[in-house]
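Residue-level structural notes
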Amino acid sequence: MSSISLPKFPVSRPRRTRLSANLRAMLRETELNPGDLIYPLFVRPGENIQREIVSMPGVYQWSVDRLAAEAQEIAGLGIPAVILFGIPEQKDPVGLENFSSEGVVQQAIRAIKAAAPQLVVITDVCLCEYTDHGHCGLLNVEGQRHPNLPEGYVLNDETLEVLGKVAVSHAQAGADVIAPSGMIDGMVGAIRGALDHGQFEHIPILSYAVKFASAFYGPFRDAAESPPKFGDRKSHQMDPANRGEALREVALDIAEGADMLMVKPALPYLDVISAVKQAYPQFPLAAYNVSGEYSMLKAAAQNGWLDERAAVLEALTAIRRAGADLILTYHAKDAARWLAD
Ligand code: PBG
């Protein structure tokens, strides 16, 4: 008697479709292309600076004069867009440089548009990199503004006014897409209103609609020199435990006029990406593969514990499979090179 008796009737054997590379390629359900990627850039004051971020090997802070070459390299790799983060010269309670025409981001936008006009320039709009306290909005300090609101409370509606100014200032400098990231209630509507009022009705909004209060932003706060000086961001960023609330946030941002949506971080929240895509398939969805996700893979690869190329391409493909159309990632340049091989 033979040791195993297999059924004689036709039975599905998925392995038949995995035998050769071409067969696997023909049947692959998810594509990953350089055209799906958005590369974050950190810009700082000074000249001739390319400073590596210690906790993010291979990622740099750039001075504006060094951006032209970098932008051309990014565009040359087939990456269609960058998102800019600024480290200002000076910080203050309001973050005045955030909406100055000579601010570091405004200069960077002009430099990039001059060097690589086809590159889509997205700007992150938030207060945290610009305020001396490092919070994402104006604060209720010493009760002087609103005695009934808690001390240190991030003032919602006063912050909206500043966000509107920042968005208009970025649009004036030539930004193509405005991406508010502060999780302030009403931010999309306020920015839409300010842009329209400033005759920037043609500038779309990519909303960080679902942004969790995540430990995975740690290395970014080194990169952007923006950790909160006290407290945390749990009063405005979402609880990592919540998925239903994510759909509520998305519904609000759509009602306020968001053109594109984002979920952030990406890898620990693939279920949220999937839920948002299923609920709103008609909206372009981006996912932010954040600094901590990058640093984890990078550290493991540097220790020889993971094959960097395979692990990165697998992670990015998984984010696309979950439902993201676009991925903001620090791996973008490497991934674009590997995909072209
Ligand atoms: C806020 C902002 C943050 C990130 C993008 N925009 C930091 C935060 O909310 O604390 C994080 C990005 C990353 O970790 O890569 N301006």
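Below is a summary of the structure that appears in this document. Fair warning: this is a prediction, and the values are worked out from it, not measured in the lab.

1. Here we look at the environment of Gly103
Following the sequence through the fold, Gly103 ends up in the loop between β4 (81-86) and α3 (104-115). Using a relative accessible area of 0% as the deciding quantity, one classes Gly103 as buried. Linking Gly103 and Ile87, residues 16 residues apart in sequence, is a C-alpha distance of 9.4 Å.

2. Some points on the nonpolar core
In this structure, Leu41, Val82, Leu84, Ile112, Leu195, Val210 and Ile273 are the most contacted members of the largest nonpolar core, which totals 79 residues. Among all residues touching Val82, those that are not within four sequence positions of it are Ile38, Tyr39, Leu41, Ile74, Ile112, Leu119, Val120, Val121 and Ile122.

3. Quick look at the pattern of salt bridges
Within the structure shown, the criterion is met by 15 salt bridges. When the shortest N-O distance is used, the salt bridge between Arg192 and Asp259 registers 3.8 Å. A residue pair is termed long-range when its members are at least 10 positions apart, and Arg192 in helix α5 (residues 187-197) and Asp259 in the loop between α7 (244-256) and β10 (260-264) qualify at 67 residues. Since its relative accessible area comes to 34%, Asp259 is described here as partly exposed. Several salt bridges converge on common partners, so that one network encompasses Glu70, Glu73, Lys298, Glu308, Lys333, Asp334 and Arg337.

4. A short note on the state of the cysteines
Considering all chains together, one arrives at zero disulfides under this definition. The thiol sulfur of Cys126 is not disulfide-bonded, and the nearest other cysteine sulfur, from Cys136, lies at 3.7 Å.

5. Some remarks on the pairing of strand β12 (residues 326-329)
It is a general feature of regular strands that their side chains alternate between the two faces of the sheet. When strand β1 (residues 37-44) meets β12, the two strands line up parallel, connected through two bridges. Across the sheet, Ile38 pairs through a bridge with Leu328, a residue of β12.

6. Notes on the site of the ligand
The environment of the ligand is formed by 18 residues, the closest being Arg221, Arg233, Lys264, Ser291 and Tyr330. Within the side chain of Asp124, a nitrogen or oxygen atom sits 3.1 Å from a nitrogen atom of the ligand. Residue Arg221 places a side-chain N or O atom 2.6 Å away from an oxygen atom belonging to the ligand.

7. Overview of a positive patch on the surface
On the surface, a cluster of positive charge is contributed by Arg13, Arg15, Arg16 and Arg18. Position of Arg18 among the secondary structure elements: in the segment before α1 (21-27).

8. Side note on helix α10 (residues 308-322)
Within an α-helix, residues lying three or four positions from one another point in the same direction, as the helix has 3.6 residues per turn. Between its first and last C-alpha atoms α10 spans 21 Å; for 15 residues at 1.5 Å apiece the expected length is 21 Å, and the two agree. Among the residues making up α10, those that are buried are Ala311, Val312, Leu313, Ala315, Leu316, Ala318, Ile319, Arg320 and Ala322. Of the surrounding secondary structure, the elements contacted by the buried residues of α10 are α8 (270-279), β11 (285-289), α9 (291-302), β12 and α11 (332-340). Structurally, the start of α10 carries an N-cap: the backbone nitrogen of Arg309 is 3.2 Å from a side-chain oxygen of Asp307. Positive backbone phi, at 135°, marks Gly323, one or two positions downstream of α10.

9. Topic: the packing of α9 against α10
How two helices sit against one another is set out by the angle between their axes and by the gap between those axes. Two elements in contact, α9 and α10, have axes separated by 10 Å at closest approach and are oriented at 160°. When the axes of α9 and α10 are compared, the pair comes out roughly antiparallel. Seen from above, α9 lies across α10 with right-handed handedness. Contact residues: Leu297, Lys298 and Ala301 in α9; Glu308, Ala311, Val312 and Ala315 in α10. The residue makeup of the contact of α9 with α10, split by class, is five nonpolar, no polar and two charged.

10. Examining the side chain of Asp124
With respect to the helices, strands and loops of the structure, Asp124 is situated in strand β5 (residues 120-125). Reaching out from Asp124, the side chain makes a polar contact with the side chain of Ser181 at a distance of 3.0 Å. Residues in contact with Asp124, not counting those within four places in the same chain, are Ile83, Leu84, Phe85, Glu129, His170, Ala179, Ser181 and Tyr208.

11. Quick look at the packing of aromatic side chains
A complete count under the given rule lists nine aromatic pairs for this structure. By the ring-pair criterion, three or more aromatic residues cluster together here, those being Phe42, Phe85, Tyr208, Phe220, Tyr288, Tyr294 and Tyr330. A cation sits over an aromatic face here: Lys211 above Tyr217, 5.7 Å from the ring centre. We note Lys264 situated over the ring of Tyr288; from NZ or CZ to the ring centre the distance is 5.0 Å.

Criteria and cut-off values
Along each chain, residue indices are assigned from 1 in the same order as the chain's sequence is written. Totals for whole chains, interfaces and linings use all residues, but because this is a predicted model, local features are given only for residues with pLDDT of at least 70 and pairs of side-chain atoms are given and counted only at 80 or more. Hydrogens and water are ignored here; the side-chain numbers use all heavy atoms of the structure. Only DSSP runs of H or I reaching four residues or more are called helices, and only runs of E reaching two or more are called strands; each is numbered from the N terminus. Relative accessible area decides the class of each residue, using a 1.4 Å probe on protein chains only: under 20% of the type maximum gives buried, over 50% gives exposed, and in between gives partly exposed. Put simply, a nonpolar core is a bunch of buried Ala, Val, Leu, Ile, Met, Phe, Trp, Tyr and Cys residues held in one set by side-chain atoms that sit within 4.5 Å of each other. Working rule for contacts: check all heavy atoms of both residues, and any pair within 4.5 Å makes them a contact. A pair is scored as a salt bridge if a Lys or Arg side-chain nitrogen falls within 4 Å of a carboxyl oxygen belonging to Asp or Glu. Our working definition of a disulfide is a cysteine sulfur pair at a distance within 2.5 Å. For two strands to pair, DSSP has to find at least two bridges joining them. Any residue with a heavy atom positioned within 4 Å of a molecule or strand is treated as near that molecule or strand. Each polar contact in these results corresponds to two N or O atoms within 3.5 Å; when the atoms are within protein, one needs to be able to donate a hydrogen and the other to accept it, and residues that are neighboring in sequence are counted only if both atoms are side-chain atoms. Residues form patches when they are more than 30% accessible in relative terms and have no salt bridge. Like charges link within 9 Å. Nonpolar side chains (Val, Leu, Ile, Met, Phe, Trp, Tyr) link within 5 Å. In this description, accessible areas are obtained by the Shrake-Rupley approach with a 1.4 Å probe, and a residue is regarded as covered only by the protein chains that are shown. Charged residues are defined here as Lys and Arg on the positive side and Asp and Glu on the negative side; His and the ends of the chain fall outside this count. The atom standing in for a charge is NZ when the residue is Lys, CZ when it is Arg, CG when it is Asp and CD when it is Glu. Helix span is expected to be 1.5 Å times the residue number reduced by one. Axis definition: a line fitted to C-alpha atoms, limited for helices to the stretch in contact. Angles are taken between N-to-C directions and run from 0 to 180 degrees. Orientation labels follow simple angle bins: below 35 degrees gives roughly parallel, above 145 gives roughly antiparallel, 65 to 115 gives roughly perpendicular, and whatever is left gives oblique. Crossings are sorted by hand: turned counterclockwise from the far helix by less than a right angle, the near helix makes the crossing left-handed, and turned clockwise it makes it right-handed. For this classification, the nonpolar set comprises Ala, Val, Leu, Ile, Met, Phe, Trp, Tyr, Cys and Pro, the charged set comprises Asp, Glu, Lys and Arg, and every other residue, Gly included, is treated as polar. Aromatic pairing here means that ring centres of Phe, Tyr or Trp (its six-membered ring) are within 6.5 Å. Orientation follows from the plane angle: under 30 degrees is stacked, over 60 is edge-to-face, and everything else is tilted. For a lysine, the NZ atom is tested; for an arginine, the CZ atom; a charge sits over a ring if that atom is within 6 Å of the ring centre and within 35 degrees of the ring normal.

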